[in-house]
Amino acid sequence: MCVKVDSVIVTKDADVPDAFAGDDVNLNCLITSTVLIGTSNLTSNVTYYWYDINGNIIANTKDLTVTQAGIYFFEVINNVNNCSSGKDEVEVFDNVNYPDAKIIADPGPLLDCVVGVVTLGRTDCQCDIQLGNGRCYLSKSTFILVSSAGIVTMTAIDTLTGCESKETIEIIDLQDYPILIVDSPEPITCATNESILSAKQSPGGPNLIFEWYDQDNMLIPNSNKDTLVVTSPGTYYVVLIDTLNHCANRDTFSVTRIGDYPNIILPADITMYCGRTDTSITAIIQSPDPSYDIEWNTDDGNILSSSSIPTVNVSGEGSYSLSVTVRQTGCRTLETTNVFVNNAKPDAMVSEINNETCIGVADGIVSITSVTGGTPPYSFKFDGLDRGTDFNFENLKPGNYNLQIRDANGCTKDTTFTILPGRDVTINPISALELLYNQTEVIEVITNLPSDQIASVEWIPVDLVSCDTCLRVTITAKDNITYTVKVTDIYGCSESIQLEVRVDENIIITVPNIINTSSNSNNVFTVFGNESVLTIEKVNIYDRWGNLVFNRENIKPNDPKDGWDGRFAGQFVEQGVYVYVVEYTTPSGNKVLSGDITVIR
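Reading the values: rules and limits
Every chain begins its residue count from 1, and numbering advances along the sequence as written. With pLDDT at 70 or above as the cut-off, local features in this predicted model cover only qualifying residues; side-chain atom pairs require 80 or more to be listed or tallied, and sums for whole chains, interfaces and linings still use all residues. Only heavy atoms go into the side-chain values, all of them from the structure, while hydrogens and water stay out. Under the DSSP-based scheme used, a helix requires at least four consecutive residues in state H or I and a strand at least two consecutive residues in state E, with every element numbered from the N terminus. Put simply, the radius of gyration uses C-alpha atoms, and a globule should come to 2.2 Å times the residue count raised to 0.38. Relative accessibility thresholds used throughout: buried, under 20% of the residue-type maximum; exposed, over 50%; partly exposed, between the two (1.4 Å probe, protein chains only). Every residue pair with non-hydrogen atoms within 4.5 Å of one another is taken to be in contact. The Shrake-Rupley method, run with a 1.4 Å probe sphere, supplies the accessible areas, and residue values consider only the shown protein chains as cover. Two cysteine sulfur atoms form a disulfide, by the criterion used here, when they sit within 2.5 Å. N or O atoms closer than or at 3.5 Å make up a polar contact, with two conditions inside protein: a donor-capable atom paired with an acceptor-capable one, and, for residues adjacent in sequence, both atoms drawn from side chains. DSSP bridges decide pairing: two strands pair if at least two such bridges lie between them. The angle between two axes is taken between their N-to-C directions and runs from 0 to 180 degrees, where each axis is a line fitted to C-alpha atoms and a helix contributes only its stretch in contact. Method remark: on a 1 Å grid restricted to protein atoms, a set of points is classed as a cavity if a 1.4 Å probe fits but cannot get out and as a pocket if it is open with protein on both sides within 12 Å along at least five of seven lines; lining residues have an atom within 4 Å of a point. Grid points are joined across faces, edges and corners, and a volume is the space filled by probe spheres set on the points. Note on residue categories: nonpolar means Ala, Val, Leu, Ile, Met, Phe, Trp, Tyr, Cys or Pro, charged means Asp, Glu, Lys or Arg, and polar means any other residue, Gly included.

What follows covers the overall build of the protein. Helices and strands together make up the secondary structure of the protein, namely 0 helices and 53 strands. Expected size for 601 residues packed as a compact globule is a radius of gyration near 25 Å; at 70 Å, the protein overshoots this value by more than 25%. With respect to the three principal axes, the spread of C-alpha positions in the protein is 195 × 140 × 55 Å. Within the protein, buried positions represent 34% of all 601 residues. Long-range pairs, those at least 24 residues apart, make up 55% of the contacts in the protein with a sequence separation of at least 6. Carbon and sulfur atoms provide 48% of the accessible area of the protein, an area that totals close to 34,600 Å².

Across all of its chains, the model carries 3 disulfides by this definition. Disulfide pairing is shown between Cys274 and Cys411; the S-S distance is 1.8 Å. Taking the torsion about the sulfur-sulfur bond, which here is approximately -95 degrees, the covalent link between Cys274 and Cys411 counts as left-handed. With a gap of 137 residues between them, Cys274 in the loop between strand E24 (270-273) and strand E25 (278-282) and Cys411 in the loop between strand E37 (399-406) and strand E38 (412-419) connect regions that are remote in the sequence. Cys411 sits in the buried class, given a relative accessible area of 1%. Residue Cys358 pairs covalently with Cys493 via a disulfide, S to S 1.8 Å. With the S-S bond torsion at -90 degrees, the cross-link from Cys358 to Cys493 turns out left-handed. Within this pair, whereas Cys358 is found in the loop between strand E32 (346-354) and strand E33 (364-373), its partner Cys493 is found in the loop between strand E43 (481-489) and strand E44 (494-504), the two being separated by 135 residues in sequence.

Here we come to the side chain of Asp489. Structurally, the position occupied by Asp489 is in strand E43. Here the side chain of Asp489 touches Tyr491 through a polar contact of 3.0 Å, landing on its backbone nitrogen. A distance of 3.1 Å separates a polar side-chain atom of Asp489 from the backbone nitrogen of Gly492. Residues in contact with Asp489, not counting those within four places in the same chain, are Arg423, Val425, Leu449, Gln453, Ile454 and Ala455.

Let us look at unusual backbone geometry. In this chain, Asp106 is followed by Pro107 through a cis amide linkage whose omega measures 5 degrees. Among the structural elements, Pro107 can be located in the loop between strand E8 (103-106) and strand E9 (110-111). A positive phi angle, close to 55 degrees, is found at Asn222, a residue other than glycine. Considering the arrangement of structural elements, one finds Asn222 in the loop between strand E18 (208-213) and strand E19 (227-230). Even without glycine at this site, Asn558 takes up a positive phi of about 70 degrees. Inspection of the secondary structure puts Asn558 in the loop between strand E49 (548-555) and strand E50 (567-568). With a relative accessible area of 38%, Asn558 lands in the partly exposed category.

If you trace the backbone, Asn28 turns up in the loop between strand E1 (25-27) and strand E2 (34-37). At 2.8 Å, the side chain of Asn28 forms a polar contact with the backbone nitrogen of Leu30.

Moving on: the sheet that holds strand E20 (residues 234-242). Taken in spatial order, the 3 strands line up as E18-E20-E21 in an open sheet, and their pairing is antiparallel. At either margin of the open sheet sits one strand with a lone partner, and together these are E18 and strand E21 (248-255). Adjacent strand axes in the sheet meet at a mean angle of 20 degrees, parallel and antiparallel pairs treated alike. Inspection of the sheet shows E18 paired to E20 by 6 bridges, in the antiparallel sense. Across the sheet, Trp212 pairs through a bridge with Val238, a residue of E20.

This next bit is on empty space enclosed by the protein. To find the voids left in a structure, one rolls a probe of water-molecule size over its atoms. Across all of its chains, the model carries 1 cavity of 30 Å³ or more by this definition. Of the pockets and cavities examined, the largest cavity occupies roughly 50 Å³. For the largest cavity, the lining is made up of 13 residues, of which Thr526, Val527, Ile555, Asp562 and Gly563 are closest to its centre. Along the lines of polarity and charge, the residues of the lining of the largest cavity split into 7 nonpolar, 3 polar and 3 charged.

Now the structure itself:
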């Protein structure tokens, strides 16, 4: 494809004018007019025109002053060649914005005896707020406090456009206190026993109510009339309230008493326990006048003493009343107390008694399983000792014991218990035995128990006893020893005795005093002994210079094979006298036998 490119330059004739109407502008409450300034590249031999939105020429000057929003056009004509710039557009905007000025009164525009201050605020807006009550303005404040009647104006100003709005509110004061008129009260006397407090002369109305208060400023219930009847001296208050504006008026009454009543203090109700029926009642009388009369009375009880003194003796249940009358004023006080009789007291119990099991062990037990009568909890005194609420009494010896039960009201019951002695196991004593070594002896243990009542027999120690669980046994005497024999019956009761065995060893040990090494008999040095010689621990034979020529250890007596045949190192020794030392063991311990022996050949 063949392409050919060419160009051309388009230029603007310098005589063609330009027109610029300027930037858009705003009109508001601060700027009510503006000047539109036209500009062009030509400054001579030109004509300027301004047009409105409808194309009407409104000015032929370079600048135009306008007071209305709208669209305007600016044109420049070259008077030499009659060329026109065309129309350039500029817009004038209407930016007039009136803020919302609205006052909010909290709790409302009315002042009364409850509402003493009204808070005036505003709705939220992007503007400056001025709240005032004719005396001051609070710039940019969101609220003001008003405590007096009057007209308050709020001005809201748009800080951008300068536009402002106003609103007013009237604060009305409704504070009007009701008129309260009271009469002086009469004193309380013993004749009237009351005083009437009156506010009857106060103007009335459907919206007016009365309230009465005692000297502690406590509201007296059901007292909403214009009078109040009181029976006690003191200070009282009346309040008259207007329910429309909540305003109230208050006044005070001081009530006195002429001729005070005597004060009687009686004990609280009395209850007599444990079958008692008689008691006394003591009254404490407080009277400003010491001259007074006393009189006790009862409808259902019995007065046993004078009825005209503070303490009276009475009998039986009943209500007992005391009247005290001041003689001069006649003021009389009556008080009553009651007397009750409670006859409940411990009267029976269930107990378990475990007598002593075996004589001498002191393991008797008394257990109280239940108590009837009286008022729990119960405490116990056993054999004169307070045991608190512990109802088990253990480790008791045989004998008689006293028990006292006390209930919560102090009523008691006494009883006795007997603990019987336990079973008695006896064994006849056995005298000490003196036996020869290895001698045997038959021993029989005699007890008071029949054979079917014996649970066990025990010999301690069991050494050299033919039967360590029998009453009849054979004992072999080897060493001095003490046996303990224990007999236990089928109820677990036992008795023990001791049997001492003393052994007479009767030791017989002999050796020859001469041996003949060339004879067929009596040619061996042998140690002989009876049963009391248990072991030959060592046999040593020395020559006359103290040299050991024979030694033998741990051998039995009476055996020539373990004796000395007169040899030393395989050769017969020379004739002469030699010394022997024999160490041997008997039931009573180790012993030594020494002497000399003559060797002949």
